[in-house]
Amino acid sequence: MPEHYRALQGFKDILPDEQPYWRLIEKTAIEVTELYGYRRIETPTVEETSLFSRTTGEGTDIVDKEMYSFNDRPDKEGRSANLSLRPEGTAGVVRAYLEHGMFQLAQPVKLYYLREPMFRHDKPQAGRVREHHQFGCEALGESDPAVDAEMIGLLFQFYISMGLSNLHVSLNSIGDRNCRPQYLERLKEYYLPLLDTCCDDCQVRFYKNPLRLLDCKEPQDQARIAGAPKIADYLCEPCREHFAAVKRYLDLYDVPYQLDPLLVRGLDYYTRTVFEVISTTSKQALNGGGRYDGLAEILGGKSTPGIGFGAGFERISLELKRQKVAPPPEAGPCAYVVYFGKSAEMKDAAVRIVAELRHAAIKTEMGYGDRSAKSQMKQANTSGSAYAILIGEDELAGGYVTVQDLRAGKELALEAKQIKVQRDALIDYLQKA
RNA sequence: GUGACCGUAGCUCAAUCGGCAGAGCUCUGGAUUGUGGCUCCAGCGGUUGUGGGUUCAAGCCCCAUCGGUCACCCCA
């Protein structure tokens, strides 16, 4: 047993000082998604492993190397299901859509999830932890490219509303099951004669996931990538039209975007539109998303188009700090009750005042532990409280309290910043102050 | 999974050639027995990540291990 417990590698405490950033993200996300007609959904953190392996894809790193999977306790027959902490949000939402018959509702069904923990057993680094939190949207049951553009527009508005800039939207279409296989053949034809000069990773990619050949960062392979056939030139007519419409609608939404023919995304279920929003300064993707028109069928539902994205709280928070966006500060208390003297009667009176103020929804703190008057005043000051409510022998006897304005400077004489307020008039006084 | 750098008080960091583990901040108390920010004093706080090794002597050198940071892979 360890002598001192520590959070697990890649698992982070989200401390009070960090919370204002997360609150800003949450507040903005709720405002913007609901503006666009999305409704909140929360799905379980744990699902059957196969839900992810069948959708995200065998062969992807997420499924093959990074899932937290375990056997459940066996049932009466001794069978135990293999479960996983979810590595991403889309599969669970689509499962819920099918399970609850949401295909019966008016389509599309537009859903969002917020601050949902996701788990991937990666090696931690900047903007990457093993338990991370995502804000995501999913629009199910509609293939209209207006939905694609709307979602990207929503996302862009979300970032701008928080005060971020220096972001760009990367956009591509990776075709569908009609045209992508043909493109992949052409890509492999192109790469085959060059293969033995490619980097080791690309040798593997060629067989495992040829689309990712375009993702290679090795300098030596950049020239080959530049000369490779582009999927945009091989899209079938429906995909081409869909992509053209997405771009047109994005213009109507005033969303600036950059076409990136090398953007392919790592999850198997994507079709047609794929997008990321990338920080220009850190080069890191704050979110990733795309259309997944075949996903519901994989899960045994009828063919249902869908599109979604997941955005990482940790990365957004990092970017807010990098861009020096200050979240709204936490509100300090309005009143800080200070009591002079250590009699039980005195402390009872102090506790009673604190209770009355809090019941009246006035944010109130008090000194604890019978600290000295000076010490309590110091704490009142550092708490950021607007007023100190002083109660001592005189006040107790006279049925009043002394209210001291802490925002007034120390230089002011006591009389100038203190006022006697009758006990039963205190709430009224503070509410009007 | 691969690689680089780094682990000293709650936080930020000192410690000369290997020679008594320190400071600032925070917190607590005090500087006229009931009055805030500045100042001053004091206190709390450490098995120098852990385990070995070299040495008269290790925070410092060596090995291992754990952890952190960053990059790659991958991805939010």
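Scroll up for the structure.
A.B. asks: Explain the sheet that holds strand S14 (residues 387-391) here, please?
C.D. replies: Adjacent strands of a sheet form backbone hydrogen bonds with each other and so pair up, either parallel or antiparallel. Spatial ordering of the open sheet is given by S13-S12-S14-S15-S16, a layout of five strands whose pairing is mixed. Unpaired on one side and paired on the other, strand S13 (364-366) and strand S16 (418-422) mark the two borders of the sheet. Across the sheet, the mean angle from the axis of one strand to that of its neighbour is 30°, orientation sign disregarded. Where strand S15 (residues 400-405) meets S16, five bridges bridge the pair, whose relative direction is antiparallel. Counterpart to Val 401 in the pairing with S16 is Val 421. Across the sheet, helix H13 (residues 373-382) lies against strand S12 (335-339), S14 and S15, angled at about 175° from S12, the strand it touches most.

A.B. asks: How should I be thinking about the environment of Met 151 in this particular structure?
C.D. replies: With respect to the helices and strands, the residue Met 151 is situated in helix H5 (residues 145-162). With relative accessibility at 0%, the residue Met 151 sits in the buried group. Once the C-alpha coordinates of Met 151 and Lys 347 are considered, the two residues, 196 residues apart in sequence, prove to be 57 Å apart. Sequence-distant contacts of Met 151, that is, excluding residues within four places in its chain, are made with Tyr 38, Cys 137, Glu 138, Ala 139, Phe 275, Ile 307, Gly 308 and Phe 309.

A.B. asks: What is the right way to read the packing of aromatic side chains from this model?
C.D. replies: One pair of aromatic rings is described through two measures. These are the centre distance and the angle between the planes. Counting across every chain of the model gives 15 aromatic pairs. Ring centres of Phe 11 and Tyr 68 lie 6.0 Å apart, and the angle between their planes is 80°; on these two criteria the pair is classed as edge-to-face. Linking Phe 11 in the segment before helix H1 (19-35) with Tyr 68 in strand S3 (residues 68-71), this pair joins segments that are 57 residues apart in sequence. Seen from their ring centres, Tyr 387 and Tyr 429 are 6.4 Å apart, and the 70° between their planes marks the pair as edge-to-face. Here Tyr 429 lies in helix H16 (residues 426-432) and Tyr 387 lies in strand S14, a separation of 42 residues in the sequence. Overall, the relative accessible area of 8% leaves Tyr 387 in the buried class. A relative accessible area of 28% means that Tyr 429 is categorised as partly exposed. The side chain of Lys 188 reaches across the aromatic face of Phe 206, ending 5.4 Å from its centre.

Rules and cut-offs
- Residues numbered from 1 in each chain as written.
- Chains lettered and ligands numbered in written order.
- Predicted model: local features only at pLDDT ≥ 70, side-chain atom pairs only at ≥ 80, totals over all residues.
- Heavy atoms only, no water.
- Pairing = 2+ DSSP bridges.
- Helix = DSSP H or I, 4+ residues; strand = E, 2+ residues; numbered from the N terminus.
- Axes fitted to C-alpha atoms, helices over the stretch in contact; angles between N-to-C directions.
- Contact = heavy atoms within 4.5 Å.
- Buried < 20%, exposed > 50% of the residue type's maximum accessible area, 1.4 Å probe, protein only.
- Phe/Tyr/Trp six-rings, centres within 6.5 Å; stacked < 30°, edge-to-face > 60°.
- Lys NZ or Arg CZ within 6 Å of the ring centre and 35° of its normal.

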